[in-house]
Amino acid sequence: MPEQVPKRLRGRPKQTDNDISMQQTIIYTASTLFKEFGYEMVTLQQIGKKCGVSKPTIYYHFAGKADLFVAAMTTMLQNVRKITAHMLDEAEHLRDGLIRLAEARLANPHGEIEMMMREAEPFLEEEQIHAIRESEHQIHDVLASHFKKAMDEKIFREEDPLFLAEAFSTLMLMGNRAHDQQKYESHHVMAEKIVRVFLKGVTTT
């Protein structure tokens, strides 16, 4: 069961820059430990020791381990969304942006997030699960907006852009399997193949 502590009292002082910096340190440390050991094996005491703070300090920022896990997951996914948007916005052609994105995702498999979620879900409340899934959905929204633009420009056939975003994300999950990675000499080669197969199925020419 998630660790429970009394809710913080109203009227506590506004967070300072030092508070925010410490909060970010705790989130980053927790993210690293959750990815390495999974949800159940990690304790708040371990997280505190790793980032050099006491357990009460963690409780100052988070209601418990489940709350911290949600913060860690949503932060990771928000970073993925920002990187996705940047790569696609900066690319001269959509194909180039998709290859860069696929290569980055293959180098940092998204599947580890799914593994953590499956383990943690029994300990999370429905609204906490929803918050994480909403952050994931925002990544698909970024992809979908670029796919919709490609449809408007008659580069892609008409299709549900969100469906295409989810389909492309599913293709990138191939990088989670060591067997698949061993078939190709580099992440870039595998990324090019994934994008080539995807574009062959959606482009108008």
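Note that the structure is predicted; figures quoted are calculated from it, not measured.

Moving on, we come to the layout of surface pockets. Empty space among the atoms becomes visible once a probe the size of a water molecule is rolled across them. Quantified by volume, the largest pocket comes out at close to 500 Å³. The wall of the largest pocket is formed by 21 residues, among which Lys35, Met76, Asn79, Val80 and Asn108 lie closest to the centre. Secondary-structure elements contributing two or more residues to the lining of the largest pocket are helix H1 (17-37), helix H4 (65-90), helix H5 (94-107) and helix H6 (111-120). Per-element tally for the lining of the largest pocket: the top contributor is H4, with seven residues. Class assignment for the residues of the lining of the largest pocket results in 10 nonpolar, eight polar and three charged.

Here leucine 124 lies in the loop between H6 and helix H7 (126-152). The class of leucine 124 is buried, set by a relative accessible area of 10%. In the structure, leucine 124 is positioned 54 residues away from valine 70 in sequence and 8.7 Å away in space, judged by C-alpha atoms. Those residues in contact with leucine 124 that sit more than four places away from it in its chain are Ala66, Phe69, Ile129 and Ile132.

Here the focus is a negative patch on the surface. A cluster of acidic residues, Glu158, Glu159, Asp160 and Glu166, forms a negative patch on the protein surface. Within the secondary structure, glutamate 166 sits in helix H8 (residues 161-172).

Turning our attention to the pattern of salt bridges. What the rule picks out here adds up to five salt bridges. A salt bridge links arginine 133 to glutamate 121; its shortest N-O distance comes to 3.6 Å. Of the two residues, arginine 133 sits in helix H7 while glutamate 121 sits in the loop between H6 and H7, which places them 12 residues apart along the sequence. Owing to a relative accessible area of 29%, glutamate 121 belongs among the partly exposed residues under this scheme.

The next point concerns the UniProt feature "DNA-binding region" (unreviewed entry) in the protein chain. This chain's UniProt record puts "DNA-binding region" (unreviewed entry) on residues 43-62. Annotated as residues 43-62, this span is 75% helix and 0% strand, and its ends, taken at the C-alpha atoms, are 13 Å apart.

On to H7. Across its 27 residues, H7 extends 37 Å between first and last C-alpha, which sits within 8% of the 39 Å expected from 1.5 Å per residue. Residue lysine 154 follows H7 closely and has a positive phi angle near 65°.

On to the packing of H5 against H8, then. Where H5 meets H8, the axes come as close as 10 Å, and the angle between the chain directions of the two elements is 45°. Between H5 and H8, the interaxial angle falls into the category oblique. Note that H5 runs across H8; the crossing there is right-handed. Within the contact between the two elements, H5 uses Leu98, Leu101, Ala102, Arg105 and Leu106 and H8 uses Phe168, Ser169 and Met172.

Cut-offs used in this document
Residues numbered from 1 in each chain as written. Predicted model: local features only at pLDDT ≥ 70, side-chain atom pairs only at ≥ 80, totals over all residues. Heavy atoms only, no water. 1 Å grid on protein atoms, 1.4 Å probe; cavity = no way out; pocket = protein on both sides within 12 Å on 5 of 7 lines; lining within 4 Å. Points joined across faces, edges and corners; volume = space filled by probe spheres on them. Helix = DSSP H or I, 4+ residues; strand = E, 2+ residues; numbered from the N terminus. Nonpolar A, V, L, I, M, F, W, Y, C, P; charged D, E, K, R; others polar. Buried < 20%, exposed > 50% of the residue type's maximum accessible area, 1.4 Å probe, protein only. Contact = heavy atoms within 4.5 Å. Patch = residues over 30% accessible without salt bridge, like charges linked within 9 Å, V, L, I, M, F, W, Y side chains within 5 Å. Areas by Shrake-Rupley, 256 points an atom, 1.4 Å probe, with all protein chains shown as cover. Salt bridge = Lys/Arg side-chain N within 4 Å of Asp/Glu carboxyl O. Lys, Arg positive; Asp, Glu negative; His and termini not counted. Charge placed at Lys NZ, Arg CZ, Asp CG, Glu CD. UniProt positions renumbered as here; feature names shortened; annotations may be inferred. Expected span 1.5 Å × (residues − 1). Axes fitted to C-alpha atoms, helices over the stretch in contact; angles between N-to-C directions. Parallel < 35°, antiparallel > 145°, perpendicular 65-115°, else oblique. Left-handed = near helix turned anticlockwise from the far one by under 90°.

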